Amino acid sequence: MSAFPARLARRQFAVVCAAGLALLFAIPAPAHADPAFQKWLEGTWPQAQKLGVSRATFSAATHGLTPDLSLPDLVIPGKPDRPSGAQAEFVQTPAAYVSETTISRLAERGKQLAADHRATLARIEKQFGVPPNVILAIWGRETAYGGYRLPHNAVRVLATQAYTGRRKDMFREEFLLALKILQEGHIKLADMRSSWAGAMGLTQFLPSEFYKYAVDFDGDGRRDIWTSVPDALASAAQQLAGKGWQRGSRWAYEVRVPKGVDCTIAEPTVTLPLEEWLRRGYVLAHGRRVSPNELQTPASLLLPEGASGPAFLTLPNYYVIKAYNFSDLYVLFVGHLSERIGDPRGFETRWSKTGQLRSADVEKMQQVLTQRGLYKDKIDGKAGMQTRSALGAYQKANRLTVDCWPSAPVLEHMQRGARN
């Protein structure tokens, strides 16, 4: 949908079509249009044309379009950046994000859907190797099993991100592919809804992912990730398989860690065979057992709350889910929900943290850690594995309590050191 009301847009388009394309080009842009944005849009036409997009499709999708400057992850001259850290994955504590209330509700619905789609899910697992509950959990997290209406006009989102976002080149390609999707009739313009980052459909695909992974699994000749449950779930499974999903292996195991474990080792470069972690005293939660084929699988330690809260040994499939959405909390949500659909037990160890620093404060920490040579990843305000590990190293070096958790007292200590 454009900035015009839907009814007016349809009426205008009908009049334009009746009068011919020449009249369409003669219609002036709205008075509030951004001339620079309109010029940028027109500059994308040659590339769209090369993708097979007709002028009529291009004009229908872009006429009257304005940038949505309320989106996160934008870089607007003269205004503070709107970081992607506004996402729940990066500003909520693990306990708040992996909410027991939400998990239990989605798990109950997931059980019903597992029964409703048993045959389809079995065929998906046979073809792609991804367990039914993992696919259901992604569907549940992305759109509450289709109950959540994505809030944005996908074309407007993608055009805005391509025009003034942090990743302009990537989103320019996504914008052009969205036009191609419209040209080929996979979805109507009015129904092309998305997240703030342009992901669409029941399991939220970017346009490039649609062309790479979308599957016609219901046999109707269409790849319909928007309304066809078989197509959407099979497409999600094909994406996971394409990113390296290992058939017959779990995503992670919750564990009880040995007393006094060093939280700075909880990052992806520290890997051992799963069997070796167990030999060193890590105990699987809820009395679970490792299947023999997983004993030599490389695993790394994940401590989402630093030295507090639940601990996990993550397997390669953990990082496959993370490639679907680059957030540890997202993977924990999906992984835990996939288990809860078939097992009523929650986390064995309770979450404990009740506060999370603002992204801007985490960014300040990352800057100090970078200056000290302790952190070598992106300065993005996200307290991920490597940030928590580097923070623990800082705490060690400064004889502070080592808990690998970004807190106000540690930030204050860093800032006090900078002032001295």
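Residues numbered from 1 in each chain as written. Predicted model: local features only at pLDDT ≥ 70, side-chain atom pairs only at ≥ 80, totals over all residues. Heavy atoms only, no water.

Asks: Hey, could you go over the state of the cysteines for me, with residue numbers and the actual values?
Replies: Scanning the model with the defined rule gives one disulfide in all. Shown here is the disulfide that connects cysteine 263 with cysteine 404, its sulfur atoms set 2.1 Å apart. Its torsion about the S-S bond being 80°, the disulfide of cysteine 263 and cysteine 404 is classed as right-handed. With cysteine 263 in the loop between strand S3 (252-256) and strand S4 (271-273) and cysteine 404 in the loop between helix H19 (385-397) and helix H20 (408-419), this pair connects stretches of sequence that are 141 residues apart. The exposure class of cysteine 263 is buried, given its relative accessible area of 4%. Judged by relative accessible area, cysteine 404 falls into the buried class, the value being 1%. (Disulfide = S-S within 2.5 Å. Helix = DSSP H or I, 4+ residues; strand = E, 2+ residues; numbered from the N terminus. Buried < 20%, exposed > 50% of the residue type's maximum accessible area, 1.4 Å probe, protein only.)

Asks: Run through the sheet that holds strand S6 (residues 298-302), naming residues and quoting values.
Replies: Read from one edge to the other, the open sheet built from five strands follows the order S4-S6-S7-S3-S5, with strand pairing classed as antiparallel. Only two strands of the sheet have a single partner each, and these edge strands are S4 and strand S5 (283-284). (Pairing = 2+ DSSP bridges.)

Asks: If you had to explain the packing of helix H8 (residues 100-116) against helix H10 (residues 132-143) to someone new, which residues and values would you point to?
Replies: Remark: H8 packs on H10, axes separated minimally by 10 Å, with the N-to-C direction vectors making an angle of 130°. It follows that H8 is oblique to H10 by the angle criterion. Here H8 runs over H10; the crossing is right-handed. From H8, Leu106, Gly110, Leu113 and Ala114 reach across to H10, where they touch Leu136, Trp139 and Gly140. (Axes fitted to C-alpha atoms, helices over the stretch in contact; angles between N-to-C directions. Parallel < 35°, antiparallel > 145°, perpendicular 65-115°, else oblique. Left-handed = near helix turned anticlockwise from the far one by under 90°. Contact = heavy atoms within 4.5 Å.)

Asks: Give me the lowdown on the pattern of salt bridges, citing residues and values where you can.
Replies: This model, assessed by the stated rule, comprises 18 salt bridges. Between glutamate 276 and arginine 279 there is a salt bridge, with its nearest N and O atoms 2.5 Å apart. Remark: arginine 279 and glutamate 276 occur in helix H15 (residues 274-279); sequence separation between them is three residues, near one turn of the helix. The shortest N-O distance in the salt bridge between aspartate 328 and lysine 322 comes to 3.0 Å. Considered together, aspartate 328 and lysine 322 belong to a single accessibility category, that of buried residues. Via salt bridges that share partners, Arg250, Arg288, Glu339, Asp343 and Arg345 belong to a single interconnected network. (Salt bridge = Lys/Arg side-chain N within 4 Å of Asp/Glu carboxyl O.)

Asks: Account for the environment of alanine 236, naming residues and giving values.
Replies: Within the secondary structure, alanine 236 sits in helix H14 (residues 229-242). Judged by relative accessible area, which is 0%, alanine 236 ranks as buried. The spacing of alanine 236 and glutamine 204 is 32 residues in sequence and 8.8 Å in space, taken between C-alpha atoms. Residue contacts for alanine 236: discarding those within four places in its chain leaves Ile135, Thr203, Phe205 and Tyr324.

Asks: Please provide a residue-by-residue account of H8, values included.
Replies: For H8, with 17 residues, the first-to-last C-alpha span of 24 Å sits near the 24 Å given by 1.5 Å per residue. Those residues of H8 lying buried are Ile103, Leu106, Ala107, Gly110, Leu113 and Ala114. Viewed along the axis of H8, the buried residues span an arc of 130°, placing them on a single side of the element. Exposed and facing more than 90 degrees away from the buried side of H8 are Thr101, Arg105 and Asp116. (Expected span 1.5 Å × (residues − 1). Arc of directions from axis to C-beta.)

Asks: Explain the environment of valine 402 to me, and be specific about the residues and the numbers.
Replies: Structurally, the position occupied by valine 402 is in the loop between H19 and H20. You can call valine 402 partly exposed: its relative accessible area is 32%. Sequence spacing of valine 402 and leucine 391 is 11 residues, and the spatial spacing of their C-alpha atoms is 8.5 Å. Residues contacting valine 402, with those up to four places away along its chain left out, are Cys263, Ala307, Gly392, Gln395 and Lys396.

Asks: Tell me about the pairing of strand S7 (residues 311-314), and name the residues and values.
Replies: The side-chain alternation of S7 yields two buried faces, one formed by Ala311 and Leu313 and the other by Phe312 and Thr314. As paired elements, S3 and S7 share four bridges and run antiparallel to each other. Within S7, the residue paired with alanine 252 across the bridge is threonine 314.

Asks: Talk me through empty space enclosed by the protein; I want residue IDs and the actual numbers.
Replies: Counted under the stated rule, the structure contains one cavity of 30 Å³ or more. Estimates place the volume of the largest cavity at around 60 Å³. Forming the boundary of the largest cavity are Arg250, Trp251, Ala252, Tyr253, Glu254, Arg288, Phe312, His336, Glu339, Gly346 and Phe347. For the lining of the largest cavity, the secondary-structure elements that each account for two or more residues are S3 and helix H17 (328-340). A per-class count over the lining of the largest cavity returns five nonpolar, two polar and four charged. (1 Å grid on protein atoms, 1.4 Å probe; cavity = no way out; pocket = protein on both sides within 12 Å on 5 of 7 lines; lining within 4 Å. Points joined across faces, edges and corners; volume = space filled by probe spheres on them. Nonpolar A, V, L, I, M, F, W, Y, C, P; charged D, E, K, R; others polar.)

Asks: Can you tell me about the packing of aromatic side chains, naming the residues and giving the values?
Replies: Applying the stated rule across the entire model yields 17 aromatic pairs. Each ring, one from phenylalanine 37 and one from tryptophan 40, has its centre 6.1 Å from the other, and the planes form 10°; the classification is stacked. Linking phenylalanine 37 with tryptophan 40, this pair stays in helix H3 (residues 35-43), spanning three residues, or about one helical turn. The pair phenylalanine 37 / tryptophan 40 is uniform in exposure class, with both members buried. A centroid spacing of 5.2 Å and a plane angle of 75° characterise the contact between phenylalanine 347 and tryptophan 351, whose relative ring orientation is edge-to-face. Neither residue differs from the other here; phenylalanine 347 and tryptophan 351 are each classed as buried. (Phe/Tyr/Trp six-rings, centres within 6.5 Å; stacked < 30°, edge-to-face > 60°.)

That is the geometry; function is a separate question.
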